[in-house]
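# Coordinates in review
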Amino acid sequence: MKNENNFGYIGSVKSRRYDDQRHFQLNQFDQLNLEKRRFYTFFKRSIDLFFSLIGLIFLSPIMLWVAYKVHKEDPEAPIIFTQERIGQDGNSFTMYKFRSMHGDAEKQLEELLDQNEVKGPMFKMKEDPRVTEFGKLIRRTSLDEFPQLVNVIKGEMSLIGPRPALKREVINYTPHDRKRLLVKPGCSGLWQVSGRSEVHFEEMVAFDIEYIQKRSFWYDIRLILKTIKVMIKPEGAY
């Protein structure tokens, strides 16, 4: 039984009507629209498991190199950065990434909040002083996100889906924003291949809801291919 006190609980907003037609006719976005895709959900999970396992095997040399470089740059800090994120239906989980910031990055955040360059509850800063030199490279190329394949295997994330939200962000979500918690978060998604860090929060939410409404096998494949292209030729990432 889901707890309505969970961050991002969306049980009360699944059937709510909205008048804002700019966001893909959200008044038609209801529970029935989500539950009609049982075959797609099963197939998506199968694809997630298959490609995540294959990815971990074939990407292991790159991941070992990244781990070595991260450790060499700051031997005192952990190689893997773990952080609590809010996933489907407001359930929390621990997300894994290669560390791209200095070890005390979370402590420095409070001093930088007034320099946020993105509208809304999400924090982004182009010249973030917390990011290490090697961290800039792996963030730009998304190499820092490879450990999230473990999250996919565990069933906490999908290869394609909305960006995993932070608890401090979800606290400030509107009922409209919480619609992005209706599905599993993804390693990549529509907003990531549509400008990434240059996309503001409201645009990201609109992209996420558009994906949720349009999601299908071929749509996911298309976004996976676009993700590969963005990783090879990154634009708008920092």
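Everything here concerns the structure above.
Computed from a prediction, not measured in an experiment: that's the story for all the values here. (Residues numbered from 1 in each chain as written. Predicted model: local features only at pLDDT ≥ 70, side-chain atom pairs only at ≥ 80, totals over all residues. Heavy atoms only, no water.)

## What to know about the sheet that holds strand β2 (residues 92–98)
- Read from one edge to the other, the open sheet built from three strands follows the order β2-β1-β4, with strand pairing classed as antiparallel. The two strands at the open ends of the sheet, each matched to only one other strand, are β2 and β4 (165–166).
- Pairing geometry for strand β1 (residues 80–86) and β4, over two bridges, is antiparallel. By the bridge assignment, I86 is partnered in β4 with A165. (Pairing = 2+ DSSP bridges. Helix = DSSP H or I, 4+ residues; strand = E, 2+ residues; numbered from the N terminus.)

## Brief notes about the pattern of salt bridges
- Inspection of the entire model under this criterion finds eight salt bridges.
- Its salt-bridge partner being K97, residue D144 comes within 3.4 Å of it at the nearest N-O pair. Pair noted here: D144 is in the loop between α5 (133–140) and α6 (148–153) and K97 is in strand β2, with a separation of 47 residues, a long-range link.
- Overall, K97 belongs to the buried group, its relative accessible area being 15%.
- A salt bridge links K154 to E156; the nearest nitrogen and oxygen atoms lie 3.5 Å apart. (Salt bridge = Lys/Arg side-chain N within 4 Å of Asp/Glu carboxyl O. Buried < 20%, exposed > 50% of the residue type's maximum accessible area, 1.4 Å probe, protein only.)

## What about the environment of G135?
- Position of G135 among the secondary structure elements: in helix α5.
- Residues G135 and E73, 62 residues apart in the sequence, show an inter-C-alpha distance of 9.5 Å.
- Aside from chain neighbours lying at most four places away, what touches G135 is E73 and S100. (Contact = heavy atoms within 4.5 Å.)

In short, the description is geometric, and any link to function would need to be established separately.
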